[in-house]
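Notes for the structure review
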Amino acid sequence: MMNLAHEIIFEILSRLPIESVLRCRSVCKLWYNLGYDSYFIHLHQSKSMKQPPRLVFDRFKENSDIASNLVMVNREEGDYKFREIPLMGFNSDELQVGRRFEIVGSCNGFLCLTFGINFSPSCLYNPITREVMMLPQTDVALRGIPLLNYGFGFDSFHNKYKVVGVFKTFGEILTVGESRWRKLEFPRTVIENDDPRSRSLFLDGIIFWFIEGYEYEILALDIESEKFWTINCPPPKENNYRGNLIEIDGFLAIIDYEYVWPSESKFRSMDVWLVKGSKTIGFSFSVTTYDMSGLHYATARGEVLVMAKLDRDTFLLASELDEGIHINRCSIFLYSPVKQYLSVLGIWESDLQTHWMVPTLKSLMAAIDT
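Residues numbered from 1 in each chain as written. Predicted model: local features only at pLDDT ≥ 70, side-chain atom pairs only at ≥ 80, totals over all residues. Heavy atoms only, no water.

Per an unreviewed UniProt entry, the recorded name for the chain is F-box domain-containing protein, and the organism is Protea cynaroides.

Laid out in structure tokens, this is it:
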């Protein structure tokens with residue numbers, strides 16, 4: 001293989017998973033330089049985009065809020081593999097001991113992270129190359145005014161990444177690479193980011209939030225034009241309550257939950273609303289109801305949160321454990337309501353925020369400068 005033309009070698013290696021590419025870099029100098037070759041990086045990224053994306057979420061150190069690892073979920077040989085990725089590449093000033101972190105969003109293999117409670121988004125991070133790009137803090141956050149929510153997206157028309165910070169009555173937006181945040185007038189107040197169900201979702205150039213006090217409405221922000229509009233949603237069915245926004249098969253999805261009251265541990269069913277359409281042609285909603293009654297024995301403590309749908313009938317779920325001092329302690333498991341299949345993956349310290357991503361070797365600086 002070493003006698004093959006470089007173009008042929010690149011074509012072969014570009015078809016490998018990114019973990020295999022990283023291992024191959026130790027073979028020789030030519031292969032080591034794969035991580036710096038813009039042609040190969042673009043080639044590998046274009047092929048990776050055709051593969052199922054990975055799921056990534058955060059994990060804290062045991063019994064603490066200290067930033068620890070990212071967890072990446074990948075399907076291999078018909079089974080789901082969990083790979084822990086240490087938070088590395090930060091210096092001591094950027095990642096202080098004891099500072100809690102959250103994933104604000106994910107775009108093109110880059111994560112937007114925030115450290116500390118009510119802090120503005122702090123950095124962009126490539127968990128594969130461990131490259132970090134620190135972001136300027138907003139003037140408002142520096143004055144101690146807490147942020148309620150966040151957003152992170154990619155403006156494909158201008159080829160720019162943008163970060164949104166949401167305050168009580170207004171917001172600010174940063175075009176990554178610029179030094180100043182700009183004011184962004186929010187027409188409605190979004191739900192505060194104190195619960196996994198309240199967090200934003202970026203999909204196809206749009207950031208979505210639930211509107212505070214109106215569980216039947218979603219606020220949408222076009223990341224290119226920086227214009228807002230609302231989506232009117234069907235109400236939850238009787239005895240259900242509105243849950244969270246996730247992405248399913250490339251579509252926006254709303255998850256509603258039904259419990260047997262007064263015992264919240266008895267999870268009876270969930271409705272998955274797929275939202276299809278656009279602002280121009282309008283939106284349609286289709287609902288699928290899943291029987292989840294077989295779960296209550298395995299999740300006897302705390303409510304259940306749907307983190308993601310992994311394939312046609314398998315969901316990644318989490319149940320917060322009410323154990324007093326164990327804040328954010330969760331049981332994370334796979335469940336198929338169709339096959340009645342349950343696989344408990346473990347009990348972790350997590351903030352329960354998941355994002356789909358396609359891992360990339362691309363440099364943050366190169367992505368910002370293009």
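**Considering the overall build of the chain**
To be explicit about the condition: For helices the rule is a DSSP run of H or I covering at least 4 residues; for strands it is a run of E covering at least 2, with both sets numbered from the N terminus onward. Only protein chains enter the calculation, and the probe is 1.4 Å; a residue is then buried if its accessible area is under 20% of its type maximum, exposed if over 50%, and partly exposed in between. Throughout, a residue-residue contact means that at least one pair of heavy atoms, one from each residue, lies within 4.5 Å. Using the Shrake-Rupley algorithm and a 1.4 Å probe, accessible areas are obtained, with residue cover drawn only from the displayed protein chains.
A count of helices and strands for the chain gives six helices and 24 strands. Within the chain, the fraction of its 370 residues that count as buried is 55%. Contacts in the chain between residues far apart in sequence, at least 24 positions, make up 48% of those at least 6 positions apart. On the chain, roughly 17300 Å² of surface is accessible, and the fraction owed to carbon and sulfur atoms is 51%.

**Some details on the sheet that holds strand 15 (residues 227-232)**
Whether parallel or antiparallel, the strands of a sheet pair through hydrogen bonds between backbone atoms. The criterion, for reference: In short, DSSP must find at least two bridges between two strands for them to pair. All axes here are fitted lines through C-alpha atoms, helices being fitted over the stretch that makes contact, and every angle between N-to-C directions spans 0 to 180 degrees.
Read across the open sheet, the four strands follow the order 12-13-14-15; overall the sheet is antiparallel. The outermost strands of the open sheet, each flanked by one partner alone, are strand 12 (201-203) and strand 15. In this sheet, adjacent strand axes meet at a mean angle of 30° when their direction is disregarded. Of the pairings in the sheet, the one linking strand 14 (residues 214-222) to strand 15 comprises six bridges and is antiparallel in character. Looking across to strand 15, one finds that I218 is bridged to I231.

**Comments concerning the nonpolar core**
Short version of the rule: Grouping buried Ala, Val, Leu, Ile, Met, Phe, Trp, Tyr and Cys residues that are joined through side-chain atoms within 4.5 Å yields what is termed a nonpolar core.
Ranked by internal contacts, the top residues of the largest apolar core, which has 27 residues, are L70 and L113. Contributing elements (two or more residues each) for this core: helix 1 (6-13), helix 2 (18-24), helix 4 (38-48), strand 2 (67-76), strand 4 (101-107), strand 5 (110-115) and strand 6 (123-126).

**Considerations on the side chain of E131**
Put simply, the test is: When charges are tallied, Lys and Arg are placed among the positive residues and Asp and Glu among the negative ones, while His and the ends of the chain are skipped. In what follows, salt bridge is the name for a side-chain nitrogen of Lys or Arg lying within 4 Å of a carboxyl oxygen of Asp or Glu. Pairs of N or O atoms within 3.5 Å make up the polar contacts considered here, provided that, within protein, one atom can donate a hydrogen while the other can accept it, and that residues adjacent in sequence are counted only when both atoms are side-chain atoms.
Along the chain, E131 turns up in strand 7 (residues 131-134). One buried charged residue, E131, forms no salt bridge at all, with the nearest opposite charge on K362 at 11 Å. Reaching out from E131, the side chain makes a polar contact with the side chain of S363 at a distance of 3.3 Å. In terms of polar contacts, E131 uses its side chain to reach the backbone amide nitrogen of M365, at 3.4 Å.

**Quick notes on helix 1**
Convention followed: In this description, the arc belongs to the directions extending from the helix axis to the C-beta atoms.
Residues I9, F10 and L13 constitute the buried set of helix 1. Taken down its axis, helix 1 places every buried residue within 100° of arc, on the same side.

**Points about the packing of aromatic side chains**
Heads up, the condition is: Between 30 and 60 degrees the pair is tilted, below 30 it is stacked and above 60 it is edge-to-face, where a pair is any two Phe, Tyr or Trp rings, Trp via its six-membered ring, whose centres lie within 6.5 Å.
Counting across every chain of the model gives eight aromatic pairs. Their ring planes at 55° and their centres at 4.6 Å tell us that F186 and F228 sit as a pair that is tilted. Taken together, the residues span a long stretch of sequence, with F186 in the loop between strand 11 (182-184) and strand 12 and F228 in strand 15 at a distance of 42 residues. In terms of burial, F186 and F228 fall into one category: buried. Ring centres of Y290 and F315 lie 5.0 Å apart, and the angle between their planes is 80°; on these two criteria the pair is classed as edge-to-face. Placement of Y290 in strand 19 (residues 282-291) and of F315 in strand 21 (residues 315-320) is noted, with a sequence separation of 25 residues between them.

**Focus on the pairing of strand 18 (residues 267-278)**
In terms of strand pairing, strand 17 (residues 251-259) meets strand 18 through eight bridges, oriented antiparallel. Residue pairing for strand 18: I255 is matched across the bridge by V272. In this sheet, strand 19 lies alongside strand 18 in antiparallel orientation, the contact comprising ten bridges. Looking at the pairing, L274 lines up with S286 of strand 19. Where strand 18 folds back onto strand 19 in an antiparallel hairpin, the turn is made up of three residues.

**Overview of unusual backbone geometry**
Of note, the phi angle at N159 is positive, near 55°, even though the residue is not glycine. For N159, the location among the structural elements is in the loop between strand 8 (149-155) and strand 9 (160-166). Phi is positive for N239, close to 75°, though the residue is something other than glycine. Looking at the element boundaries, N239 is found in the loop between strand 15 and strand 16 (240-248).

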